[in-house]
Amino acid sequence: MSLVPTLDLLHAAVAARTGVAAFNVIHLETAEALVAAAEESRRPVILQISQNCVAYHGSLDPIARGALALASESSAHVAVHLDHAEDEELTRRAIDLGFGSVMFDGSTLAYDANVAATVRVVEYAHANDVSVEAELGEIGGKDGAHAPGVRTDPGEARRFVAETGVDALAVAVGSSHAMTERTAQLDLDLIAALRHAVPVPLVLHGSSGVADETIEAAIRAGITKVNVSTHLNRHFTEAIRAYLGANPDVVDSRRYVRAGRAAVAEEAARLLTLFDVAARLPGGTVTARP
């Protein structure tokens, strides 16, 4: 068990007709919570460190080494992934540190520029046995605005995957980043069309804004990797607010941060089980992940 390649988890999920959870690491406490959730639920998890997270911590190495250590020592299957990197050099540093996968986000670039940059990332990653996720069709903005008109075209997606050699593709199908209300409406027909158009696993970003039943439907339609960040951040923050409200004299940060960590672990374990929809599909055989 312990640290595993991201692509192994994605391929296993595709074979089992299930989803695999990718949760964002904000700081060491969230990484600890996510690994604890994987161990409790006996399901795999992908720990994601975003370029924004790297900026918050000042550099990649400290938070990356902490996440990699937690993954290596875990009894669960844990992968470590670089999320939403727009900096090619950052992808190379993550690969050198031992990440199992990197996401290069060239979605705001013109198509040809996106392809060229993604190919450079893929060449370095594949030379080091690391997989690459890319994005085609810009997903809604970080301000939480829902962008219902933005979609990934299946024909363009097929061409992009063929030209770049990426191992997974993040697609725009109706979700938006940083949503605090779970009201996003996904285009399930488009997900199915994309699933048939490309030979690599599909990734749903902005899943914090998607209701449970819609995520299940998206997995059945063809989504494999499900990214969640804001939803878990809300659980972390609400638990700390509640603890401090009940214990206004506490000054030891470990006491209230522990409450936030426990809340994330509990909700992450629930989501890990939810995404493993194969157990509830007709003929499904997966009831627990090793």
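Overview of the structure. Model, not experiment: these values are computed from the prediction.

### Comments concerning the overall build of the protein
And then number 1: Across its full length, the protein holds 11 helices and 9 strands.
And then number 2: Excluding contacts between residues fewer than 6 apart, the proportion of contacts in the protein whose partners are at least 24 apart in sequence is 72%.
And then number 3: Here the protein displays about 12,000 Å² of accessible surface, and carbon together with sulfur accounts for 51% of that area.

### Here's the deal with unusual backbone geometry
With the exception of glycine, the majority of residues adopt a negative phi angle, and the majority of peptide bonds are in the trans configuration.
And then number 1: Phi is positive for Arg42, close to 60 degrees, though the residue is something other than glycine.
And then number 2: Structurally, Arg42 is set in the loop between helix H2 (28-41) and strand E3 (45-50).
And then number 3: On the basis of relative accessible area, Arg42 is assigned to the exposed category, the value being 51%.
And then number 4: Although it is not a glycine, His84 sits at a positive phi angle of roughly 50 degrees.

### Describing the environment of Val171
And then number 1: Inspection of the secondary structure assignment puts Val171 in strand E7 (residues 168-171).
And then number 2: For the pair Val171 and Ile191, spaced 20 residues apart in sequence, the C-alpha separation works out to 8.4 Å.

### Some details on empty space enclosed by the protein
And then number 1: Tallying each qualifying case throughout the model produces 2 cavities of 30 Å³ or more.
And then number 2: In this structure, the second largest cavity spans a volume of roughly 50 Å³.
And then number 3: Forming the walls of the second largest cavity are Thr6, Leu7, Leu10, His81, Ser101, Ser131, Val132, Glu133, Asp167, Ala168 and Lys225.
And then number 4: Looking at the lining of the second largest cavity, the elements that each hand over two or more residues are helix H1 (6-16) and strand E6 (131-136).
And then number 5: Grouping the constituent residues of the lining of the second largest cavity by class yields 4 nonpolar, 4 polar and 3 charged.

### Some remarks on the layout of surface pockets
Sizing a probe to match a water molecule and rolling it over the atoms shows the empty space that remains.
And then number 1: Considered as a void within the structure, the second largest pocket measures approximately 180 Å³ in volume.
And then number 2: Taken together, 12 residues form the lining of the second largest pocket, with Val14, Arg17, Ile219, Arg220 and Gly222 sitting closest to its centre.
And then number 3: Elements represented by at least two residues in the lining of the second largest pocket include exactly H1, helix H9 (212-221) and strand E9 (223-228).
And then number 4: Considered class by class, the residues forming the lining of the second largest pocket number 6 nonpolar, 3 polar and 3 charged.

### So, H9
And then number 1: Of all 10 residues in H9, 7 are buried; the element is thus mostly enclosed.
And then number 2: Burial in H9 covers these residues: Asp212, Thr214, Ile215, Glu216, Ala218, Ile219 and Ala221.
And then number 3: Its buried side turned inward, H9 meets helix H8 (188-197), E9 and helix H11 (253-275).
And then number 4: Looking at the residues trailing H9, positive phi occurs at Gly222, about 145 degrees.

### Re the packing of aromatic side chains
And then number 1: Applying the stated criterion to the full structure yields 1 aromatic pair.
And then number 2: For the pair Tyr111 and Phe160, a centre-to-centre distance of 6.1 Å together with 65 degrees between the ring planes defines the contact as edge-to-face. One end of the pair, Tyr111, is in helix H6 (residues 111-127); the other, Phe160, is in helix H7 (residues 154-164), with 49 residues separating them in the sequence. Neither residue differs from the other here; Tyr111 and Phe160 are each classed as buried.

### Some points on the pattern of salt bridges
And then number 1: Enumeration according to the criterion identifies 12 salt bridges in this entry.
And then number 2: Of the charged contacts in the structure, one is a salt bridge between Glu133 and Lys225, with a shortest N-O distance of 2.8 Å. In this pair, Glu133 sits in strand E6 while Lys225 sits in strand E9, placing the two residues 92 residues apart along the sequence. You'll find Glu133 and Lys225 in the same group, each marked buried.
And then number 3: Overlapping salt bridges bring together Asp61, Arg65 and Arg93 as one network.

### Quick look at the nonpolar core
Nonpolar side chains in soluble globular proteins generally cluster together in the buried interior.
And then number 1: If you look at the biggest cluster of nonpolar residues, it comprises 79 residues, and the most contacted ones within it are Phe23, Ile49, Leu60, Phe99, Leu169 and Phe275.
And then number 2: Ranked by the residues each element gives to this core, the list is headed by H11, at 9 residues.
And then number 3: Residues contacting Leu60, with those up to four places away along its chain left out, are Ile49, Val54, Leu90, Arg93, Ala94, Leu97 and Phe99.
And then number 4: Leu10, Ala22, Ile46 and Ala79 belong to the second-largest nonpolar core, a separate cluster that totals 12 residues.

### Observations regarding the environment of Gly206
And then number 1: Along the chain, Gly206 turns up in the loop between strand E8 (202-204) and H9.
And then number 2: Between the C-alpha atom of Gly206 and that of Ser229, which follows or precedes it by 23 residues, the distance is 8.0 Å.

### Some details on the side chain of Glu135
And then number 1: By the element assignment, Glu135 lies in strand E6.
And then number 2: Glu135 sits in the buried class, given a relative accessible area of 2%.
And then number 3: The contacts of Glu135, once residues within four sequence positions are left out, are His84, Met103, Phe104, Asp105, Ser107, Asn114, Leu169, Ala170 and His205.

About the cut-offs
Residue indices follow the written sequence of each chain, beginning from 1 at its first position. Given that this is a predicted model, residues contribute local features only at a pLDDT of at least 70 and side-chain atom pairs are listed and counted only at 80 or more, while totals for whole chains, interfaces and linings are drawn from all residues. As a convention, hydrogens and water are excluded, and side-chain values are obtained from all of the structure's heavy atoms. Every helix listed is a DSSP run of H or I at least four residues long, and every strand listed is a run of E at least two residues long, numbered separately from the N terminus. Note on definitions: a residue-residue contact is assigned when non-hydrogen atoms from the two residues lie within 4.5 Å. Here, Shrake-Rupley sampling with a 1.4 Å probe gives the accessible areas, and only protein chains in the shown set may cover a residue. Relative accessibility thresholds used throughout: buried, under 20% of the residue-type maximum; exposed, over 50%; partly exposed, between the two (1.4 Å probe, protein chains only). We place a 1 Å grid over just the protein atoms. Points where a 1.4 Å probe fits but has no way out form a cavity, open points with protein on both sides within 12 Å along at least 5 of 7 lines form a pocket, and any residue with an atom within 4 Å of a point lines it. Grid points are joined across faces, edges and corners, and a volume is the space filled by probe spheres set on the points. Residues are grouped as follows: Ala, Val, Leu, Ile, Met, Phe, Trp, Tyr, Cys and Pro are nonpolar; Asp, Glu, Lys and Arg are charged; all remaining types, including Gly, are polar. Each Phe, Tyr or Trp ring, with Trp reduced to its six-membered ring, pairs with another whose centre is within 6.5 Å; inter-plane angles below 30 degrees give stacked pairs, above 60 give edge-to-face pairs, and intermediate values give tilted ones. Here a salt bridge means any side-chain nitrogen of Lys or Arg lying within 4 Å of a carboxyl oxygen belonging to Asp or Glu. Side-chain atoms within 4.5 Å link the members of a nonpolar core, which is a set of buried Ala, Val, Leu, Ile, Met, Phe, Trp, Tyr and Cys residues.

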